[in-house]
Amino acid sequence: MTQHFWKKWSSEYLTLLQSRSKWRIVQKNLDIRDLVLIKHDNSPPLQGKLGKVMETFPGKDGKVRVVKVKTQTSELVRPIAKLCPLPINT
């Protein structure tokens, strides 16, 4: 049951959070204090880490490409392609 839930959740809900409509719709940059889900290719079900954006690193065009994320145990630097912003108001 857990495997079925994880497969459905990751294939349906997470893909909605990480839409790739960058050429059709202008999306806002990640900001400091935004909550994100960190995607790991080899993580087991229900083991995704939550994090808070602590610092942003914009590219030459002003769009954020890389962020520093603080998790419960560490700080990581990740590209935004490996993050799913959570729709939570802080």
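Structural notes, computed from the coordinates. (Residues numbered from 1 in each chain as written. Predicted model: local features only at pLDDT ≥ 70, side-chain atom pairs only at ≥ 80, totals over all residues. Heavy atoms only, no water.)

## Some remarks on the pattern of salt bridges
Okay, so step 1: For the structure on display, the rule yields 2 salt bridges.
Okay, so step 2: Between Asp61 and Arg65 there is a salt bridge whose closest N-O contact spans 2.5 Å.
Okay, so step 3: Arg65 sits in the partly exposed class, given a relative accessible area of 40%. (Salt bridge = Lys/Arg side-chain N within 4 Å of Asp/Glu carboxyl O. Buried < 20%, exposed > 50% of the residue type's maximum accessible area, 1.4 Å probe, protein only.)

## Quick notes on the side chain of Asp34
Okay, so step 1: Residue position: Asp34 is located in the loop between α1 (2-17) and β1 (35-38).
Okay, so step 2: Exposure remark for Asp34: the relative accessible area of 17% places this residue in the buried category.
Okay, so step 3: Every residue in contact with Asp34, bar those within four places of it in the chain, is listed here: Lys28, Asn29, Gly51, Lys52 and Val53. (Helix = DSSP H or I, 4+ residues; strand = E, 2+ residues; numbered from the N terminus. Contact = heavy atoms within 4.5 Å.)

## As for the pairing of strand β2 (residues 49-58)
Okay, so step 1: For β1 and β2, the ladder comprises 4 bridges, and the chain directions are antiparallel. Bridge assignment links Val36 to a residue of β2, and that residue is Gly51.
Okay, so step 2: By the bridge criterion, 6 bridges tie β2 to strand β3 (residues 64-70) in an arrangement that is antiparallel. Opposite Phe57, over in β3, you have Val66 as the bridge partner.
Okay, so step 3: As consecutive antiparallel partners, β2 and β3 are separated by 5 residues, and within that stretch Gly62 has a phi angle of approximately 90 degrees, a positive value. (Pairing = 2+ DSSP bridges.)

## So, the nonpolar core
Okay, so step 1: Counting 9 residues, the largest nonpolar core is built from Leu30, Val36, Ile38, Val53, Val64, Val67, Val69, Leu76 and Leu83.
Okay, so step 2: Counting only elements with at least two residues in this core, the list comes to β1 and β3.
Okay, so step 3: Ranked by the residues each element gives to this core, the list is headed by β3, at 3 residues.
Okay, so step 4: Among all residues touching Val36, those that are not within four sequence positions of it are Leu30, Lys49, Leu50, Gly51, Val53, Val69, Leu83, Cys84, Pro85 and Leu86. (Core = buried A, V, L, I, M, F, W, Y, C linked by side-chain atoms within 4.5 Å.)

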